[in-house]
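Residue-level structural notes
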Amino acid sequence: MNATRTAFHAHCRDGLDALRAEGRYRDFAQLERDAARFPVYRQGGRDVTVWSSNDYLGMGRHPAVIAAGQAAMAAHGAGAGGTRNISGTSPLHAALEAELATLHGMPSALLFGSGYVANQAAISTILSALPGFHVLSDEKNHASMIAGMRGLPGVTRHIFRHNDLGHLERLLAAIPASAPKLIAFESVYSMDGDIAPIGAICDLAERHGAMTYLDEVHAVGLYGATGGGISERDGVQRRLDVIEGTLAKGFGVVGGYVAGREEVVDHIRSTASGLIFTTSLPPSTVAAALASVRHLKEDGALRARMAGPARLLKRKLDEAGIARMPSESHIVPVMVGEAKAVREVARRLMDEHAIYATPINYPTVPRGGERLRLCATPFHTEAMMDALVAALRQVLPKAVLRQAA
Ligand code: PLP
């Protein structure tokens, strides 16, 4: 009899029971993507239309991306075989970093295993660099950014109301002028689909002597003339200190990165534990991502095809009296407002209509903010939209339908 193990196992069971009771137990739908028919997936012998993929432009199944990944796998093998420092840096890694630096108009860029690790590692490294750092964090920032700013000795965290410039300015003004400050925020907020006033935040940063850290995870590949995100679209890339992105969403592969000035990126490269002590991305992944970034730099037409489906989906939801959140982007959330209800909506969509839409629960959103998060890609047809809207009319709680504009 081992008392620690017994207590821990009881803790696990109780915790899982509590999650089930709240409707927040996580079970993952097993969906098999059909590269030729995206966004149609296979599940248990039937077709399912997926409305929740973050592969926003379908680049994960683009022939040029697949070919580049396959060629690199054949030429270089499956894994990188080491950390960046221990034979895990190939010319492909260097080429992708150079491409990402150019994409963001920055002198330098650095790859990480994922966007999560990039945020956690880069933010904690920056905040540990100078004594007495104050970090000002948008209340809707992603968990990976929060992971990078929590529990650091000597660092004070201030949470500003979402996209609220007045609140941010008041917080900045209350911090001693001489203290080091970092404003950390996102461009496209992934659960609401709204967009930060990047230029105005940079103005505040200049006025109060703060650095800026922008997460462009849900915008890279999709916005800006070459896919550099909202900061490229708004012409403010060079005003930012660090831009962070992912290769996993608009670029359709996997991996994360930061871009910034040489000394900043070099400092992160030299000191971030989340970079130094982990195996680097496999060459096949890097080659696929490089092909995707290069393709999207040139293919403005695919990017332009992104806006239409999101606009059409929003219009169809509005016309059908389905209350959606006022998103400014390709992300279209439909608020349900209760954990069990949103799970039941998702279950019925899947079981009765062969439609997959992810139910979003606490802690990803606050309690009471439970929602379905829909993303229309250029590959979702109008017929798919009509089927989704008709199914939603059947499975959404009456209150959600009544709140319609
Ligand atoms: N930042 C934001 C805003 C995100 O939504 C996510 C993931 O969804 C990440 C970072 C992490 O990116 P990755 O999926 O590449 O780890």
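Above this text sits the structure in question.
Residues numbered from 1 in each chain as written. Predicted model: local features only at pLDDT ≥ 70, side-chain atom pairs only at ≥ 80, totals over all residues. Heavy atoms only, no water.

Some thoughts on the sheet that holds strand β12 (residues 355-356)
The condition that has to hold: Strands are labelled as partners when DSSP assigns at least two bridges between them. Here a helix means four or more residues in a row that DSSP labels H or I, a strand means two or more in a row labelled E, and each is numbered from the N terminus.
With respect to topology, 4 strands assemble into an open sheet ordered β1-β2-β3-β12, the strand pairing being mixed. Two strands lie at the open edges of the sheet, namely β1 (32-33) and β12, each paired on one side alone. When β1 meets strand β2 (residues 40-43), the two strands line up antiparallel, connected through 2 bridges. Each bridged residue has a counterpart across the sheet, and for Glu-32 the counterpart in β2 is Arg-42.

Brief notes about the site of the ligand
Formally: Any residue with a heavy atom positioned within 4 Å of a molecule or strand is treated as near that molecule or strand. Polar contacts here mean pairs of N or O atoms no more than 3.5 Å apart (in protein, one a potential hydrogen donor and the other a potential acceptor; neighbouring residues in sequence count only if both atoms are side-chain atoms). Computed with the Shrake-Rupley method and a 1.4 Å probe, the accessible areas treat only the protein chains shown as cover for residues. Following the grouping adopted for this structure description, the nonpolar residues are Ala, Val, Leu, Ile, Met, Phe, Trp, Tyr, Cys and Pro, the charged ones are Asp, Glu, Lys and Arg, and the polar ones are all others, Gly among them.
Neighbouring residues of the ligand: 14 residues in total, closest Gly-115, Tyr-116, Asp-215, His-218 and Thr-246. Take Thr-246: an N or O atom from its side chain is 2.6 Å from an oxygen atom of the ligand. The protein chains hide 85% of the 390 Å² of surface that the ligand would expose on its own. No other element matches helix α4 (residues 115-127), which puts 3 residues into the shell around the ligand. Here the shell around the ligand is built from residues that sort into 3 nonpolar, 8 polar and 3 charged.

Description of the packing of helix α3 (residues 91-103) against helix α11 (residues 283-298)
Two packed helices can be described by the angle between their axes and the distance between those axes. Selection rule: Simply put, an axis is a line fit to the C-alpha atoms, just over the touching stretch for a helix, and the angle between two N-to-C directions goes from 0 to 180 degrees. Here the angle decides the label: under 35 degrees means roughly parallel, over 145 means roughly antiparallel, 65 to 115 means roughly perpendicular, and every other value means oblique. Should the near helix be turned anticlockwise from the far one by less than a right angle, the crossing is termed left-handed; should it be turned clockwise, right-handed. Contacts were defined at the residue level, with two residues in contact if any of their heavy atoms lie within 4.5 Å.
Running from amino to carboxyl end, α3 crosses α11 at an angle of 30°, the nearest separation of the two axes being 9 Å. On the basis of the axis angle, α3 is roughly parallel to α11. In the packing of α3 onto α11, the handedness of the crossing is left-handed. Contact residues: α3 offers Leu-92, His-93, Ala-95, Leu-96, Glu-99, Leu-100, Thr-102 and Leu-103, while α11 offers Pro-283, Val-286, Ala-287, Ala-289, Leu-290, Val-293, Arg-294 and Lys-297. Looking at the contact of α3 with α11 residue by residue, the class counts come to 11 nonpolar, 2 polar and 3 charged.

Brief notes about the side chain of Glu-232
Mapped onto the elements, Glu-232 comes out in helix α8 (residues 230-233). Beyond its immediate stretch of four places on either side in the chain, Glu-232 contacts Tyr-223, Gly-224, Ala-225, Thr-226, Gly-227 and Gln-237.

A few points about the environment of Ser-108
Here is the rule: Burial classes: relative accessible area under 20% of the type maximum marks a residue as buried, over 50% as exposed, and values in between as partly exposed (1.4 Å probe, protein chains only).
Within the fold, Ser-108 resides in strand β4 (residues 108-112). Classification of Ser-108 by relative accessible area gives buried; the value is 17%. Taking the C-alpha atoms as reference points, Ser-108 and Asp-266, separated by 158 residues in sequence, lie 8.2 Å from one another. The contact partners of Ser-108, leaving out residues within four places of it in the chain, are Ala-101, Val-258, Ala-259, Gly-260, Arg-261, Glu-262 and Val-265.

Examining the packing of aromatic side chains
Applied cut-off: Centres within 6.5 Å are what make two rings of Phe, Tyr or Trp a pair, Trp counting through its six-membered ring; a difference in plane orientation under 30 degrees is then read as stacked, over 60 as edge-to-face, and the rest as tilted. Definition used: whenever NZ (Lys) or CZ (Arg) falls within 6 Å of the ring centre and also within 35 degrees of the ring normal, the charge is taken to sit over that ring.
A complete count under the given rule lists 2 aromatic pairs for this structure. Ring geometry for Phe-38 and Tyr-41: centres 6.3 Å apart, planes at 55°, overall tilted. When sorted by exposure, Phe-38 lands in the same class as Tyr-41, which is buried. For the pair Phe-38 and Phe-379, a centre-to-centre distance of 6.0 Å together with 65° between the ring planes defines the contact as edge-to-face. On the criterion of sequence distance, the pair formed by Phe-38 in the loop between β1 and β2 and Phe-379 in the loop between β14 (371-375) and α14 (382-395) is long-range, its members being 341 residues apart. The exposure class of Phe-38 is buried, given its relative accessible area of 6%. Every member of this aromatic cluster is reached through a ring pair, and the members are Phe-38, Tyr-41 and Phe-379. Positioned above the aromatic ring of Tyr-362 is the side chain of Arg-367, whose terminal nitrogen or guanidinium carbon lies 4.0 Å from the ring centre.

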